[in-house]
Amino acid sequence: MAEILSALRSLMASHSPPLHALIVPSEDYHQSEYVSDRDKRREFVSGFTGSAGLALITKDEARLWTDGRYFLQAMQQLSDQWQLMRIGEDPSVDSWISDNLPREAAIGVDPWCVSVDTAQRWERAFAKNQQKLIQTSSNLVDEVWKNQPPADTNPVIVHPLEFAGRSVAEKLKDLREKLAIERARGIIITALDEVAWLYNIRGSDVSYCPVVHAFAIVTLNSAFLYVDKRKVSSKVSSSIQENGIEVREYGAVSSDVALLASNQLDKDTGLSSGRNGVCESGTCEAEENNNDLIWVDPASCCYALFSQLDAKKMLLQQSPLALAKALKNPVELDGLRNAHIRDGAAVVQYLVWLDKQMQEIYGASGYFLEGKGGSKKRLETMKLTEVTASDKLEGFRATKEHFRGLSFPTISSVGPNAAVIHYSPQPETCAELDPDSIYLFDSGAQYLDGTTDITRTVHFGKPSEHEKACYTSVLKGHIALGNARFPTGTNGHALDILARIPLWRYGLDYRHGTGHGIGSYLNVHEGPHLISFRPQARNVPLQASMTVTDEPGYYEDGNFGIRLENVLVIKKADTEFNFGDKGYLSFEHITWAPYQIKLIDLSLLTPEEIEWLNTYHSKCREILAPSMDKNELDWLKKATEPVSA
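These figures come from a predicted structure and were not determined experimentally.

(A) Highlighting the packing of aromatic side chains. Within the structure shown, the criterion is met by 21 aromatic pairs. On the basis of an interplanar angle of 80 degrees and a centroid distance of 5.6 Å, the ring pair of Phe 48 and Tyr 70 is categorised as edge-to-face. Of this pair, Phe 48 sits in the loop between helix H2 (41-46) and strand E2 (54-58) while Tyr 70 sits in the loop between strand E3 (62-66) and helix H3 (71-77), and the two are 22 residues apart along the sequence. Note on accessibility: Phe 48 and Tyr 70 belong to one class, buried. Here Trp 592 and Tyr 616 contribute two aromatic rings whose centre-to-centre distance is 5.2 Å and whose plane-to-plane angle is 20 degrees, an arrangement assigned as stacked. Taken together, the residues Trp 592 in the loop between strand E28 (584-589) and helix H19 (607-624) and Tyr 616 in helix H19 connect sequence positions 24 residues apart. Accessibility assignment for this pair places Trp 592 and Tyr 616 in one class, buried. Taken together, the ring pairs connect Tyr 29, Trp 112, Phe 215 and Tyr 250 into an aromatic cluster. One Lys or Arg, Arg 342, reaches over the ring of Tyr 447 and ends 5.2 Å from the middle of that ring.

Right, here's the structure in full:
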């Protein structure tokens, strides 16, 4: 680590102008949350492996900013050359730079790896002390990263209409209508899941996310896909071109953005207007004279492309594809429901297997009975670890129809590790399962018809009264949010409190949001909506046919962690009245797996909560039974028996 910092500082000193600091973001050229191995620059320089964070290297300091999900993990992974900066508790990176670096300091960043929003916010903060954000012409980390993995060349795959539910032609037509309404003649699309969704393509360039490293530009007349052409077979190329999309090399996006800015891009292509039913009867040309803006999403477009455009002729607002993608069509919703049934079956099969293993290897009392762990394991070869257990869960999922891999690294965590919110077990360092400790697993899969994400927390021994009280508080919040009815126009910021109130009663809380959207065989974390205490959760109202997770938790550092998570679909609510003619919304659970009764203090549940639990468990039995063998079904029946206070 010391050699990396030293090499970077040498490059910073020789840079023109010399850099007082270098910012190394987590993101790739598309501002992705999860990035390919080649793009893990922040991880390479800092050693911190979490998905979110930002590194700052100065002449004599190295600091890493990350959020509450990763405080514990960062403390464990950072060497003593690094100082952890806690987002929400410590000054932000731009404030710290403004206050601690000299006047007129030069702060370097690769403009491809930072969004317009972020770069402009930094520039405003730096201006107070005449400090400057310098766009480096190359990525300095790449220059010192000797064994940087090569770029992926995985094939582009066409996502069939039977799963996508809407054709590329329909999506392009809708997009062009939105461009016309906003008086824009073109849009630059940089978010990988938006490119994949718009063009009905998928890939495997980023682990856990079925996306392709690609950009798109769509104008009123033309559509372009910028991708490494080695990834595109002739068959796929034909399919893409049939939709009026021209395939160009990935690196050509930069020069084409410059052409777009000078209104030369459409003239440069042989494609005719009138594709996809948008610009018939010569209307495009007339429209184009009035439409002179280029639409750019400042949250996902990189600063490098933005810098080539005319600031006066830009429409800086959220991509219209973000909301279009979040509003699932009926085919996508059916696919998601089916994927979650298969996924729930895999989770139950895993719990049946795990229950048996914990009893046989560790003498545990098991999933249903309370009691301290008995005799320790009989043979070293029989021990269960966080990794061997999570591998088994993946194995159950892999047997299911349409399975294409996991949707994120499985969080398989026992005891104190469960308090690390985004814990990712490694074979060399992971813990052994313990019958006397809580076990939390947060996992999901990618299926052709949908993406899944579920968390359950279990105990195979005798949970303490405190653990039960905490689990029950989390469950009460989980039920309260899932049962909410709310007027159309309500945002996720307004609902977040519902999941926290049962915890707040005891002075407890958690440091993460409560819910995120989920993709249709796309990213497991999908916006633009979310349920969270963070201000951005106010930006987008929740709407019918969106998906969102419901995942409150509680984490006690050094002891245990609890989280319960289901995926919900937002739907119209059938209310007796309709005050203000707004219309009301509610949630439909589509995740199916039992909650462990032995971890619940039933005396803390209201009659309504007990009725909800019994109804949910009854549905679990009914929905999952066809996927179970006799042994599994017997276990599931026992796990979902009705309870009373």
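(B) Spotlight on a nonpolar patch on the surface. On the surface, Ile 497, Ile 501 and Trp 504 cluster together into a nonpolar patch covering about 260 Å² of accessible area. Note on placement: Ile 501 falls in helix H18 (residues 492-504). On the basis of relative accessibility, which here comes to 36%, the residue Ile 501 falls in the partly exposed class.

(C) Representation of the pairing of strand E13 (residues 293-296) within the structure. Sheet analysis places strand E8 (residues 184-189) next to E13, joined by four bridges and oriented parallel. Pairing of Ala 184 across the sheet is with Leu 293, part of E13. Judged from the three bridges that link them, E13 and strand E14 (residues 314-316) form a sheet pairing that is parallel. Residue Trp 295 lies in a different strand from E14, and its bridge partner there is Leu 315.

(D) View of the pairing of strand E6 (residues 132-135). As defined by bridge partners, strand E5 (residues 106-109) adjoins E6 across four bridges and the pair is classed as parallel. Counted as the bridge partner of Gly 108 is Ile 134 from E6. Taking the sense of rotation as the criterion, the β-α-β connection linking E5, helix H5 (residues 116-127) and E6 turns out right-handed.

(E) Up close: the sheet that holds E13. Spatially, the six strands line up as an open sheet ordered E12-E11-E10-E8-E13-E14, and their pairing is mixed. The open sheet terminates on both sides in strands that have one partner only, identified here as strand E12 (245-248) and E14. Between one strand and the next, the sheet's axes are offset by a mean angle of 20 degrees, whatever the strand orientation. Docked against the sheet, helix H11 (residues 253-261) engages E8, strand E10 (214-219), strand E11 (223-227), E12 and E13, running at close to 20 degrees with respect to E10.

(F) Expanded view of helix H8 (residues 168-181). Given a rise of 1.5 Å per residue, 14 residues ought to cover 20 Å, and the 20 Å separating the end C-alpha atoms of H8 matches this to within 8%. Taken from the residues just after H8, Arg 183 is the one with a positive phi, measuring 60 degrees.

(G) Seen up close, H11. Buried within H11 are the following residues: Val 253, Asp 256, Val 257 and Leu 260. An end-on view of H11 places all buried positions within 105 degrees of arc, on one side of the element. Where H11 is buried, its residues contact E8, E10, E11, E12, E13 and helix H13 (303-306). Trailing H11 by a residue or two, Asn 263 shows a phi angle of about 65 degrees, which is positive.

(H) Representation of the layout of surface pockets. By volume, the second largest pocket amounts to about 400 Å³. As for the second largest pocket, its lining consists of 17 residues, and the residues nearest its centre are Asn 483, Lys 571, Phe 587, Trp 612 and Lys 619. Those elements that provide at least two residues to the lining of the second largest pocket are strand E27 (566-572), E28 and H19. Taken together, the residues of the lining of the second largest pocket sort by class into six nonpolar, five polar and six charged.

(I) Examining the side chain of Gln 596 more closely. Topologically, Gln 596 is positioned in the loop between E28 and H19. Here Gln 596 falls in the buried class, since its relative accessible area comes to 1%.

(J) How the structure looks around the sheet that holds strand E16 (residues 411-414). Pairing is antiparallel across the open sheet formed by three strands, whose spatial order is E16-E17-E20. The sheet is open, and its two edges are formed by E16 and strand E20 (454-459), each paired on a single side. Here the strands of the sheet are splayed against their neighbours by 10 degrees on average, with no regard to which way each runs. Pairing analysis gives six bridges linking strand E17 (residues 438-443) to E20, with the strands arranged antiparallel. The partner of Tyr 439 across the bridge, within E20, is Val 458. In this fold helix H15 (residues 330-362) packs onto E17 and E20, with an angle of close to 155 degrees to the strand it touches most, E17.

(K) Local environment of the pattern of salt bridges. Enumeration according to the criterion identifies 31 salt bridges in this entry. Of the charged contacts in the structure, one is a salt bridge between Lys 476 and Glu 609, with a shortest N-O distance of 2.8 Å. Here the residue Lys 476 occupies a position in helix H17 (residues 465-482), and Glu 609 occupies one in helix H19, the gap between them amounting to 133 residues. The exposure classification of Lys 476 matches that of Glu 609, with both residues buried. Arg 500 is paired through a salt bridge with Asp 509; the nearest N and O atoms lie 2.8 Å apart. By relative accessible area, Arg 500 is classed as buried at 2%. Linked by salt bridges that have partners in common, Asp 193, Lys 325, Lys 328 and Glu 526 make up one network.

(L) Inspection of the UniProt feature "domain: Peptidase M24 C-terminal" (unreviewed entry) in the protein at higher detail. Mapped onto the present numbering, the UniProt feature "domain: Peptidase M24 C-terminal" (unreviewed entry) falls on residues 583-643. Regarding residues 583-643, the helix share stands at 46% and the strand share at 10%, and the terminal C-alpha atoms are separated by 35 Å.

(M) Region of interest: the packing of H17 against H18. One can describe the packing of H17 onto H18 by two numbers: an axis separation of 7 Å at closest approach and a directional angle of 155 degrees. With respect to their mutual orientation, H17 and H18 come out roughly antiparallel. Between H17 and H18 lies a crossing of right-handed hand. Where H17 approaches H18, its residues Ser 473, Val 474, Lys 476, Gly 477, Ala 480 and Leu 481 are matched on the opposing element by Leu 495, Leu 498, Ala 499, Pro 502 and Leu 503.

(N) The arrangement of the nonpolar core in detail. The biggest cluster of nonpolar side chains holds 73 residues, and the ones touching the most others in it are Tyr 350, Leu 354, Tyr 439 and Phe 587. Ranked by residues supplied to this core, first place goes to H15 with 12 residues. Core analysis: the next-biggest nonpolar cluster, separate from the first, contains 44 residues, Val 156, Ala 216, Val 567 and Val 569 among them.

Definitions and cut-offs
Residues numbered from 1 in each chain as written. Predicted model: local features only at pLDDT ≥ 70, side-chain atom pairs only at ≥ 80, totals over all residues. Heavy atoms only, no water. Phe/Tyr/Trp six-rings, centres within 6.5 Å; stacked < 30°, edge-to-face > 60°. Helix = DSSP H or I, 4+ residues; strand = E, 2+ residues; numbered from the N terminus. Buried < 20%, exposed > 50% of the residue type's maximum accessible area, 1.4 Å probe, protein only. Lys NZ or Arg CZ within 6 Å of the ring centre and 35° of its normal. Patch = residues over 30% accessible without salt bridge, like charges linked within 9 Å, V, L, I, M, F, W, Y side chains within 5 Å. Areas by Shrake-Rupley, 256 points an atom, 1.4 Å probe, with all protein chains shown as cover. Salt bridge = Lys/Arg side-chain N within 4 Å of Asp/Glu carboxyl O. Pairing = 2+ DSSP bridges. Right-handed = clockwise from strand over helix to strand, strands pointing away. Axes fitted to C-alpha atoms, helices over the stretch in contact; angles between N-to-C directions. Contact = heavy atoms within 4.5 Å. Expected span 1.5 Å × (residues − 1). Arc of directions from axis to C-beta. 1 Å grid on protein atoms, 1.4 Å probe; cavity = no way out; pocket = protein on both sides within 12 Å on 5 of 7 lines; lining within 4 Å. Points joined across faces, edges and corners; volume = space filled by probe spheres on them. Nonpolar A, V, L, I, M, F, W, Y, C, P; charged D, E, K, R; others polar. UniProt positions renumbered as here; feature names shortened; annotations may be inferred. Parallel < 35°, antiparallel > 145°, perpendicular 65-115°, else oblique. Left-handed = near helix turned anticlockwise from the far one by under 90°. Core = buried A, V, L, I, M, F, W, Y, C linked by side-chain atoms within 4.5 Å.

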